[in-house]
Structure formats: structure tokens, C-alpha cells
Amino acid sequence: MKTKLFSHVVSEDDPRIAEAAKIIRGGGLVAFPTETVYGLGANALDPAAVRKIFLAKGRPADNPLIAHISSFEEIRRLVRVLPESAEALSKRFWPGPLTIILPAAPCVPPEVTAGLPTVGVRLPAHPIARALIREASVPIAAPSANSSGKPSPTSALHVFEDMCDRIDAILDGGRSGVGVESTIVSLASGKPKLLRPGGISLEQLQSVLGEVDVDKAVREKLAEGERPLAPGMKYRHYAPKAPMTLVMGDPEKSLLKIRELAGPEDGIICFDEYFFRFGNTKYIRGFGHSCHPEEQAARLFKILRSFDSLPVRHIYSQCPEEKGIGLAVVNRLKKASGFSIIQV
Ligand code: TXA
Ligand code: MG
């Protein structure tokens, strides 16, 4: 199939959004911008359309999808129970980069939930995303619009690289600002639990919910056979083609360690203020100041992708602290490196 590109869609009144919504209603696939990363959308209530997402991405069938809505009220038809804590979270952080896991209503097809009794729901902040969902008049199931295993796309160009001629259309709404995916919190049973760190920090969740458990898969490599609560967290992810090592700890020390290990054909991801202290390295990328994890989140996936078109042998990366959105940045770096970590 030929992928239609709707380029430079900047206004939610753009008539091409209605055209894209028609494709969704007709059972097709449309990639669209969100404030976190680009999503690959299909009508969440149409099992045949949802199955196409798995085919286009090469996504394992046991990995459920997030249902995206355009106003809070739409969550009611998707979930069986709506606890007060969910309303409180949504009041504070929706529209925004937060996915809430709740018991699924019977109308949600098993293709979306991957057979789990729960469903993830998100009300995105991006005006084009919300206009698309509104126009389609159905919830939109959407994973990140990358091929399975690659870093999530933060621009339409990344989507094009992965999905050209595999999907019906791409809405190009410019760069995704947050740059890492939404935070996933489960309110499905017992104590709230963080399943994936993202655009809303653990500290922000705690400010509304009080105590929040953190799934082990957020910080650690799981042992063979161990299962994370978000099935997608078990897959190797975000991985550039070259092997990667994450050097965690004080930036002055990680600078020295990387200078010791990296050769001229290796890639380096560093804090901006360290850029000129690595010497004559060819493939070096600054991903933001060490004090600015929001910037690091916004740039990380583009940088990881950029190494794939370079002849780098190995990639070394400095690492921020695991606080605020830094927890999400470190989680993605750990996964990109396949948990090849040096602590300095
Ligand atoms: O920011 C985002 O969340 C982006 C944009 C497009 O909204 N979407 C996204 O989707 O990152 P995806 O499919 O790449 O990641 C969704 C994650 C997966 O790890 C999946 O296993 C988990 O959410 N997930 C979805 N439904 C779940 C459920 N019912 N229970 C546990 N985990 C769930
Ligand atoms: Mg993804």
C-alpha cells in the first residue's frame, strides 16, 4: 500500500484531520503526533483494524495497546470501574503523558488488551491527536509508531523510515516535545503501581496518590522467566544497531571512564557541558545539560536512531540521576544498552 503523507499539519482545524479520521473509521492505520512520541492508530473497537497494527510493527501478540481518548468522559465506556484515584490523577495530569491501567469493560476487544483483564487509557495533550480522536468518534488504539524494538519516533520522518508503505497515512505535526513515552500507572488492583516511567514523574504521581509501588522492571533487568506487569517492558527495546554501554554515576567519573574505553570509531552520548572534554571523537552527541533531564528526554530517541546510519562500533553514554523525568531517561538508556552497565 502507498502511505499517504499529510505534511505540516499544524492546526487542529486542518481539514486533512477529518480525512485521516475517515481512514481510521474505515479500518485503516494512521500515524499521528502526540506530545510524547508518534502513535500508530486504529479504531480500538475494531478487532480487524487493531490486528493490522501488530502486523505493521512486527509486534508480539502478547503486548497490549493503549486506548487514546479525546475527553475524560470517554473513559467510562472503556473501563469496568473508575476509582476516585483515577479521577484525581486525570484531573491533575490529563490531557498529558499519563496512561492509567484499569479493569477493562467488555466492549474492549482482546486484540487491544492482549487478553488481559485490564486496559490502558490515555488522554493525550497534543491538539492534533485529540482532534483526530474527536473526528474519528472512536477511541484510538495506538502503540508508538516504530518497528518493534526500535526507538520510538519523535518526528514524522522517523515514522516514515519504519512504516513507509506499511500503513495508510502519516499526519506530520512536527516534533514530539516530551520525547519519551507516557508514564504508565496501574490502579487495577491494590496499591497504585508504576509500570513504566515517562513524561509524568514518580514524584508527581506520589503527590496525588501518596504511596506508589514501582514495578521491578522499571529499574532492573528481569531474570529469565520473570514477568513485568507491562508486558512490553520485557522486550529488548530502543536498541541502536551498535552495542551500547551505559556508564552510571558522577559525570566527572563517567567522563574519565568513557575516555578510557572509547576508541575513535565509537559513539558517545554525553551531557552538553562535557561535549568538548571528550577530545577528537568523531561520533559524539550532546543530549542536554546534566541538570536538564527534560531536554535529554526530548533528544534521546533521535540520537539513538542517528547512530544507525553511522559506522559506529560501540556506543557509550553518560547517565543522569533517576529522579523526575530522569527516571524515564535512565530506564530507556538501560534498555537501549540491554543492561550493559558500568557503575563508576
Ligand atoms: O506515550 C505513549 O504511551 C505512546 C503514545 C503513542 O501514546 N504509546 C506507547 O505505546 O508508548 P506502546 O504500545 O509503545 O507502549 C505501551 C506499553 C507497553 O509496554 C504495554 O505492554 C503496556 O503499555 N500496556 C498496555 N496496556 C496494558 C495493560 N492493560 N496492562 C499492562 N501494561 C499495558
Ligand atoms: Mg513502543
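Residues numbered from 1 in each chain as written. Chains lettered and ligands numbered in written order. Predicted model: local features only at pLDDT ≥ 70, side-chain atom pairs only at ≥ 80, totals over all residues. Heavy atoms only, no water.

A.B. asks: So what about the domain arrangement of the protein? Which residues, and what values?
C.D. replies: What the domain assignment lists for the protein is domain 1 (4-218) and domain 2 (244-343). Here the C-alpha centroids of domain 1 and domain 2 sit 28 Å apart. With 26 residues of domain 1 in contact, the opposing surface of domain 2 contributes 14 residues. Approximately 1600 Å² of surface area, both sides summed, lies buried where domain 1 meets domain 2, with 55% of it carried by carbon and sulfur atoms. On the domain 1 side of the interface with domain 2, the three residues burying the most area are Pro 151, Val 180 and Pro 197, jointly 30% of the side's total. Here domain 1 is connected to domain 2 by three salt bridges. Between Arg 305 and Asp 162 there is a salt bridge, and its shortest N-O distance comes to 3.0 Å. Our count for the domain 1 to domain 2 interface comes out at eight residue pairs in polar contact (both at pLDDT 80 or more). (Domains from an automatic or database assignment. Contact = heavy atoms within 4.5 Å. Buried area = accessible area lost by both parts, 1.4 Å probe. Salt bridge = Lys/Arg side-chain N within 4 Å of Asp/Glu carboxyl O. Polar contact = N/O pair within 3.5 Å; in protein donor to acceptor, adjacent residues only side chain to side chain.)

A.B. asks: Talk me through the site of ligand 1; I want residue IDs and the actual numbers.
C.D. replies: Close to ligand 1 lie 28 residues, the nearest being Thr 36, Asn 63, His 68, Ser 182 and Gly 232. Note that a nitrogen atom of ligand 1 is positioned 3.0 Å from one of the side-chain N or O atoms of Thr 118. Within the side chain of Arg 196, one N or O atom sits 2.9 Å away from an oxygen atom of ligand 1. Taking 680 Å² as the accessible area of ligand 1 by itself, protein coverage stands at 97%. Of all elements in the fold, only strand S4 (66-68), strand S6 (118-122) and strand S10 (193-196) reach the threshold of two or more residues within the shell around ligand 1. When residues in the shell around ligand 1 are grouped by element, the largest group, four residues, is from S6. Residue composition of the shell around ligand 1, by class: 15 nonpolar, nine polar and four charged. (Near = heavy atom within 4 Å. Areas by Shrake-Rupley, 256 points an atom, 1.4 Å probe, with all protein chains shown as cover. Helix = DSSP H or I, 4+ residues; strand = E, 2+ residues; numbered from the N terminus. Nonpolar A, V, L, I, M, F, W, Y, C, P; charged D, E, K, R; others polar.)

A.B. asks: Let's hear about helix H10 (residues 326-336): which residues, and what values?
C.D. replies: Here H10 lies mainly inside the structure; eleven of its eleven residues are buried. By the burial criterion, the buried members of H10 are Gly 326, Leu 327, Ala 328, Val 329, Val 330, Asn 331, Arg 332, Leu 333, Lys 334, Lys 335 and Ala 336. Taken together, the buried residues of H10 touch S10, helix H7 (202-209), strand S12 (244-248), helix H9 (293-306), strand S15 (315-317) and strand S16 (341-343). Immediately downstream of H10, the backbone of Gly 338 shows phi near 60°, a positive value. (Buried < 20%, exposed > 50% of the residue type's maximum accessible area, 1.4 Å probe, protein only.)

A.B. asks: Outline helix H8 (residues 251-261), listing residues and values.
C.D. replies: Within H8, burial applies to Pro 251, Ser 254, Leu 255 and Ile 258. In a view along the axis of H8, the buried residues occupy a sector of 105°, so they form one face of it. Next to the buried residues of H8 lie S12, strand S13 (267-270) and S15. (Arc of directions from axis to C-beta.)

A.B. asks: Now, about the sheet that holds strand S14 (residues 283-286): what can you tell me, with residues and values included?
C.D. replies: Reading across the sheet, the five strands line up as S14-S13-S15-S12-S16 and stay open at both edges, with parallel pairing between neighbours. Edge positions in the sheet fall to S14 and S16, since each has one partner strand and no second. Across the sheet, the axes of successive neighbouring strands diverge by a mean angle of 15°, strand direction being ignored. As paired strands, S13 and S14 are joined by four bridges and run parallel to one another. (Pairing = 2+ DSSP bridges. Axes fitted to C-alpha atoms, helices over the stretch in contact; angles between N-to-C directions.)

A.B. asks: I'd love a proper account of the sheet that holds strand S3 (residues 39-43), names of residues and values included.
C.D. replies: A sheet is described by the order of its strands in space; here eleven strands give the open sequence S1-S8-S2-S3-S7-S4-S6-S5-S9-S10-S11, paired in mixed fashion. The outermost strands of the open sheet, each flanked by one partner alone, are strand S1 (4-6) and strand S11 (213-214). In this structure, strand S5 (residues 98-103) lies alongside strand S9 (residues 183-186), joined through four bridges in parallel fashion. Considered in S9, the bridge of Leu 98 is made with Thr 183. In the packing of helix H1 (residues 16-25) onto the sheet, the strands contacted are S1, strand S2 (30-32), S3, strand S7 (140-141) and strand S8 (169-171), and the crossing angle to S1 comes to about 145°. This element, helix H2 (residues 47-57), spans S3 and S7 of the sheet and lies at about 155° to S3.

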